[in-house]
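Okay, here's what each chain looks like letter by letter:
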Amino acid sequence: MFELTAKTEAGARLVQIAEALAEDFASRAALHDREASFPHAAIDALKRAGYFNAPIPAESGGLGVTSVHDVVVASSRLARGDASIAIGVNMHLTLLLNIVRRWKTAAAAGDRRRAFAFAASMNAIARDGVVMASAVSEVGQDLTRPRTTATRTPSGWRIDGRKAFCTMSPAATVLYTAVTFVDDDGVERYGYAQVPTDVAGVEILDDWDALGMRASGSHSVTFADVAVPHSALRGGFVAGDADAYMERNLLAGLFHASASLGIAESAASAATDSASRRGEPDARTRMLIAENVIELGACRATLSRSATLADDSDGHAVALFAETQAAKAFVNEAAARIVDRALAISGGAGYLNGHSLARAYRDVGAGSFMHPLGANRAYELVGDVALGREPVLR
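A. Spotlight on the side chain of E138. Note that E138 resides in the loop between β1 (132–135) and β2 (149–153). For E138, the side chain forms a polar contact with the main-chain nitrogen of R147, separated by 2.8 Å. Setting aside residues no more than four positions away along its own chain, E138 makes contact with P146, R147, T148, R162 and K163.

Below, the structure is given as structure tokens:
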């Protein structure tokens, strides 16, 4: 059956890299899942391949894959091997793609100061081997007003707070940390502080022990009197501004959906191959296989369309955010149905711990909880936008 393919030569090369890495990651996925251990060897392999720098232009030390669509396709391939690895890498790539897109926008607008700043960030990431983990989620959070704070000091900022679900934190060199701060005019703002993981006061709690995505290293992180320079926190937007929040989080949903797609593709393929080896499949098995083929096609089409819209869009952030969240919600839920059918096709074998389908069954359920909007919030927002109502994020 047809699978998603890259649209650019650079993207096609990245997909090939992802496929080779996924095969290697799959060989150790069961062990990391059973131990809930972090796959440091996989991170090293990704670094050697230049995967973390994929969206950065080649002349700045990257692979030149600036197409959101193509990075999403590669991410789905990576998830076929081990989705726990893919979701962490995806968060890094989401942050990096946002920097690249802002650089391109500033350059096109002739804003040399902003273009230079974003170019300097890209160069530093490539030069220093920066690995970014997203420190955004909080227990009981208000999406547009983080409880974690940045307080101005004579030498820069002091960061205080606690974050949850900081995926890939064991490998991160920088935590991209959502904070609330007060600007020079006394206005409360939402911003992202770039906090090195080795600075005093940062503690990664090593508390990740979940049903699925067990190798993702999604630990909680605390910040206690963490000192960072002025340059670590700039700009941001007025706290409570839902439109600004959506503009800065356009891409995250697509990458979480890509992980769900990769899980579903791998599960469906494994179950179909198993059924074919057992001889002539019965009518029920053939129907389940057919239903998986149909829904995989719908998932691929939905994800590809939304990623292409992200590449082509030059505005309309609210509409595009609603589109990407709709795609995420659909792919997350369809992927869970696909894996459920795959488990039914496999019979009792797939129900055993250590089987790839048992892991897929647990991993795929995580997609609906992932930021920026879990399924409960996504449906509310998509409905409001379709009705022409002012979207509210809580």
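B. Summary view of helix α5 (residues 112–128). Here α5 spans 24 Å end to end across 17 residues, near enough to the 24 Å set by a 1.5 Å rise per residue. Among all positions of α5, only A115, F118, A119, M122, I125 and A126 are buried. The arc that holds every buried residue of α5, seen down its axis, measures 120°, which confines them to one face. α5 presents R113, F116 and R127 as exposed residues on the side facing more than 90 degrees away from its buried surface. Tucked inside the fold, the buried residues of α5 contact α4 (83–108) and β1. A positive backbone phi angle near 65° is found at G129, which sits one or two residues after α5.

C. Up close: the environment of S274. Among the secondary structure elements, S274 is positioned in helix α7 (residues 252–277). Expressed as a C-alpha distance, the spacing of S274 and E59, which sit 215 residues apart in the sequence, is 46 Å.

D. Representation of the pairing of β2 within the structure. The pairing of β2 with strand β3 (residues 156–166) spans 5 bridges and is classified as antiparallel. The partner of T149 across the bridge, within β3, is D160. Linking β2 to β3, which pair antiparallel, is a turn of 2 residues.

E. Main features of the packing of helix α8 (residues 283–312) against helix α9 (residues 317–346). Packing of α8 against α9 leaves a shortest axis separation of 9 Å and a crossing angle of 160°. By the angle class used here, α8 and α9 are roughly antiparallel. For α8 against α9, the interelement crossing comes out left-handed.

F. The arrangement of the packing of aromatic side chains in detail. With the rule as written, the count across this model stands at 6 aromatic pairs. Each ring, one from Y190 and one from Y245, has its centre 6.1 Å from the other, and the planes form 80°; the classification is edge-to-face. Here Y190 is found in strand β5 (residues 188–196), whereas its partner Y245 is found in helix α6 (residues 242–248), with 55 residues between them in sequence. Taken together through their ring pairs, the aromatic side chains of Y176, Y190, Y192, F237 and Y245 make up a single cluster.

G. View of the pattern of salt bridges. A complete count under the given rule lists 24 salt bridges for this structure. Its salt-bridge partner being E3, residue R77 comes within 3.2 Å of it at the nearest N-O pair. Here R77 is found in helix α3 (residues 68–81), whereas its partner E3 is found in the segment before α1 (9–35), with 74 residues between them in sequence. The class of E3 is partly exposed, set by a relative accessible area of 35%. In this structure, D111 engages R114 in a salt bridge whose closest nitrogen and oxygen atoms are separated by 3.9 Å.

H. Spatial organisation of the side chain of S306. If you trace the backbone, S306 turns up in helix α8. Judged by relative accessible area, which is 0%, S306 ranks as buried. Ignoring any residue separated from it by four or fewer positions in sequence, one finds S306 in contact with L254, E323 and A327.

I. Broad picture of unusual backbone geometry. Note the cis peptide between H371 and P372, where omega equals 5°. Looking at the secondary structure, you find P372 in the loop between α10 (356–364) and α11 (375–386). At F165, a position not held by glycine, the phi torsion is positive, near 55°. Inspection of the secondary structure puts F165 in strand β3. One non-glycine residue with positive phi stands out, namely M168, at about 70°. On the secondary structure map, M168 appears in the loop between β3 and β4 (174–182).

J. Layout of the nonpolar core. Grouped together as the largest cluster of nonpolar side chains are 101 residues, with contacts concentrated most on L46, Y51, L78 and V89. With 12 residues, α9 is the largest single contributor of residues to this core. The contact partners of Y51, leaving out residues within four places of it in the chain, are L14, I17, A18, L21, L46, A74, S75, L78, V89 and L93. Counting residues in hydrophobic clusters, the runner-up holds 19 residues, among them A133, I159, A193 and A232.

K. The packing of α7 against α9, seen in detail. One can describe the packing of α7 onto α9 by two numbers: an axis separation of 8 Å at closest approach and a directional angle of 20°. On the basis of their axis angle, the class for α7 and α9 is roughly parallel. Both α7 and α9 take part in a crossing whose hand is left-handed. Facing α7, whose interface residues are G253, L254, H256, A257, S260, L261, I263, A264, A267, A268, A271 and A275, α9 presents T324, Q325, K328, V331, N332, A335, I338, V339, A342 and I345.

L. Broad picture of the pairing of β4. The element β4 is largely enclosed, with a buried count of 8 among its 9 residues. Sheet analysis places β1 next to β4, joined by 4 bridges and oriented parallel. What sits directly across from A133, in β4, is L175. Bridge analysis of β4 against β5 gives 9 bridges, and the strand direction is antiparallel. If you follow V182 over to β5, its bridge partner there is E188. Between β4 and β5, which follow one another and run antiparallel, lie 5 residues, and G186 among them has a positive phi close to 80°.

Cut-offs used in this document
Residue positions within a chain follow its written sequence, with the count starting from 1. Given that this is a predicted model, residues contribute local features only at a pLDDT of at least 70 and side-chain atom pairs are listed and counted only at 80 or more, while totals for whole chains, interfaces and linings are drawn from all residues. Side-chain descriptors were evaluated using all non-hydrogen atoms of the structure, hydrogens and water having been removed beforehand. The secondary structure listing takes helices from DSSP runs of H or I that are at least 4 residues long and strands from runs of E that are at least 2 residues long, numbered from the N terminus. Two N or O atoms count as a polar contact when they lie within 3.5 Å, although within protein this holds only if one can serve as hydrogen donor and the other as acceptor, and sequence-adjacent residues are included solely when both atoms are side-chain atoms. In this description, contact between two residues means that some pair of their heavy atoms is separated by no more than 4.5 Å. Expected helix span is taken as 1.5 Å per residue step, with the number of steps being one fewer than the number of residues. Accessible area is worked out with a 1.4 Å probe on protein chains only. A residue is then buried under 20% of its type maximum, exposed over 50%, and partly exposed in between. The directions considered for the arc run from the helix axis to the C-beta atoms. Two strands qualify as a pair provided DSSP detects at least 2 bridges between them. Only the contacting stretch of a helix is used when fitting its axis, a line to C-alpha atoms as for every element, and angles between N-to-C directions run 0 to 180 degrees. We call two directions roughly parallel when the angle between them is under 35 degrees, roughly antiparallel when it is over 145, roughly perpendicular when it lies between 65 and 115, and oblique otherwise. Definitions for this section: a left-handed crossing has its near helix turned counterclockwise from the far helix by less than a right angle. A right-handed crossing has that turn clockwise. Only rings of Phe, Tyr and Trp enter the pairing, Trp through its six-membered ring, and a pair is recorded when the two centres are within 6.5 Å. The plane angle decides the type: under 30 degrees is stacked, over 60 is edge-to-face, the rest tilted. Any Lys or Arg side-chain nitrogen located within 4 Å of an Asp or Glu carboxyl oxygen qualifies as a salt bridge. In this text, buried Ala, Val, Leu, Ile, Met, Phe, Trp, Tyr and Cys residues form a nonpolar core when linked through side-chain atoms within 4.5 Å.

All quantities given are derived from atomic positions and should not be read as evidence of function.
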